[in-house]
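# Coordinates in review
Okay, here's what each chain looks like letter by letter:
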Amino acid sequence: MTKQLVINKIKFTLGAAALFLISFILQINFAVSLFLIALVVYLKFSYPDLNQKSYNLLNLTFLFVIILTLSFIIVKHGWPVLLIPFCMMPMLAIVLFEERLISLLITLGSAVTFAAIAGTNSYILMLFLISGTLSAILLPGARRRSRIIQAGSIIGIFQAITLFFLEHFKINNLNAYLILFLNGITSSIIVVGILPVFEYLFNTVTNISLLELADFDNPILQRMMMEAPGTYHHSLVVGNLSEAACQAVGAHALLARIGAYYHDIGKLSKPEYFSENQEIHSSKHDTLSPTISKMIIMNHVKEGVELAKKQKLKTPLVDFI
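These notes cover the structure that comes with them.

## Details of the overall build of the chain
In terms of regular secondary structure, the chain is built from 14 helices and zero strands. Of the regular secondary structure in the chain, the N- to C-terminal order runs α-α-α-α-α-α-α-α-α-α-α-α-α-α. Looking at the 321 residues of the chain, the share that counts as buried comes to 45%. Contacts in the chain between residues at least 24 apart in sequence constitute 70% of all its contacts with a sequence separation of at least 6. Surface exposure of the chain reaches about 16400 Å², of which carbon and sulfur atoms provide 66%.

## A few points about the packing of aromatic side chains
The tally for this structure, following the rule as stated, stands at six aromatic pairs. Ring geometry for Phe-198 against Phe-202: centres 5.7 Å apart, planes inclined by 55 degrees, an arrangement best described as tilted. Taken as a pair, Phe-198 and Phe-202 lie in helix H8 (residues 174–202) at a separation of four residues, close to a single helical turn. Like Phe-198, the residue Phe-202 is buried in the burial classification. Through pairs of rings, three or more aromatic residues link up here, namely Phe-97, Phe-198 and Phe-202.

## Digging into the packing of helix H5 (residues 100–117) against helix H6 (residues 122–138)
Interaxial distance between H5 and H6 falls to 9 Å at its minimum, and their mutual angle equals 165 degrees. It follows that H5 is roughly antiparallel to H6 by the angle criterion. Read as a crossing pair, H5 and H6 show a hand that is right-handed. For the pair H5 and H6, the contacting residues are Arg-100, Ser-103, Leu-104, Thr-107, Leu-108, Ser-110, Ala-111, Val-112, Phe-114 and Ala-115 in the first and Ile-124, Leu-125, Phe-128, Leu-129, Gly-132, Thr-133, Ala-136 and Ile-137 in the second. Looking at side-chain class alone, the contact of H5 with H6 contains 12 nonpolar, five polar and one charged residues.

## Topic: unusual backbone geometry
Despite not being glycine, Asn-203 shows a phi value in the positive range, around 55 degrees. Considering the arrangement of structural elements, one finds Asn-203 in the loop between H8 and helix H9 (207–213). Asn-203 sits in the partly exposed class, given a relative accessible area of 37%. Notably, Lys-312 is not glycine yet its phi reads approximately 60 degrees, a positive angle. Within the element layout of this structure, Lys-312 appears in the loop between helix H13 (290–310) and helix H14 (315–320).

## A few points about the nonpolar core
Core analysis: the largest hydrophobic core is formed by 46 residues, its most contacted members being Leu-63, Phe-86, Leu-96, Phe-114, Leu-139 and Ile-148. The set of elements that each furnish at least two residues to this core consists of helix H3 (57–76), helix H4 (88–97), H5, H6, helix H7 (145–166) and H8. Counting residues per element, this core draws most heavily on H4, which supplies nine residues. Setting aside chain neighbours within four positions, we find Ile-148 in contact with Met-91, Val-95, Leu-139, Ser-188, Val-191, Val-192, Leu-195 and Ile-208. Core analysis: the next-biggest nonpolar cluster, separate from the first, contains 22 residues, Leu-221, Ala-228, Tyr-261 and Val-318 among them.

## Structural notes on the environment of Gly-184
Note that Gly-184 resides in helix H8. The spacing of Gly-184 and Pro-85 is 99 residues in sequence and 7.4 Å in space, taken between C-alpha atoms. Apart from residues no more than four positions distant in its own chain, Gly-184 is found in contact with Cys-87, Gly-152, Gly-156 and Gln-159.

Basis of the calculations
Residues numbered from 1 in each chain as written. Predicted model: local features only at pLDDT ≥ 70, side-chain atom pairs only at ≥ 80, totals over all residues. Heavy atoms only, no water. Helix = DSSP H or I, 4+ residues; strand = E, 2+ residues; numbered from the N terminus. Buried < 20%, exposed > 50% of the residue type's maximum accessible area, 1.4 Å probe, protein only. Contact = heavy atoms within 4.5 Å. Areas by Shrake-Rupley, 256 points an atom, 1.4 Å probe, with all protein chains shown as cover. Phe/Tyr/Trp six-rings, centres within 6.5 Å; stacked < 30°, edge-to-face > 60°. Axes fitted to C-alpha atoms, helices over the stretch in contact; angles between N-to-C directions. Parallel < 35°, antiparallel > 145°, perpendicular 65-115°, else oblique. Left-handed = near helix turned anticlockwise from the far one by under 90°. Nonpolar A, V, L, I, M, F, W, Y, C, P; charged D, E, K, R; others polar. Core = buried A, V, L, I, M, F, W, Y, C linked by side-chain atoms within 4.5 Å.

Shown next as structure tokens:
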């Protein structure tokens, strides 16, 4: 058993234990605790490779605990239950992990838990289920922060409509509708603000940060343009080919393209030793022994990883190198 596999199993166990412990500390109905554990068991057996992916259970639990604690504080202080940021959890999950099913399972578990905290409130249960489902529908593949805000606005409108149906087509409290509408917008604004924090904590990249790395004003890409133009052009071509291939098979096309842009940054240390940057009729390797040539060529991977870590590129991009 590899060291990484042991670490992943420990993370999964800690995540499962944290779910049960938090629900016990907050004195949630014991049936809810069992329900959460049932979801964990479902994930464990239906997705055995869960720990190998970016959304390991410990990360999901961390998200759950933050929103759960915030909701608990709101309820315990006697503030309106409608202030609970219902859609923050599924919105963060779908943007960070790009998995609809994971987002929907989080929505289901959170909805049941929050309803129990609010005194088995069926309104909260329905509102959270609807807002969470809409998040899973509206946000996959989101590449701009404005789309998150737009999704929050749509969710806010649908939350207000849901309340209208739950109250049998009567408007008993206009403020409640306003709160629900603003709840969706506010939740999306908070998600946009805290997204970089979770990217750092989970060591992952979202489509939004990937597009920022695609900016050709990025220092590394600028250096490649000036110091290794052949490598730069090669990386662009590989990126376009990778993106097209991934779109054809349903893989993460944007990650493939940006990963390709950065996969050869190690060549910046000795660009003139790579064929795409050399003159047609001469090569730096002509005067070197095969052993030295091999060492220089293979070393660009190590130097690329070191440069990537110095520039604080996330692990998914370092993997391309």
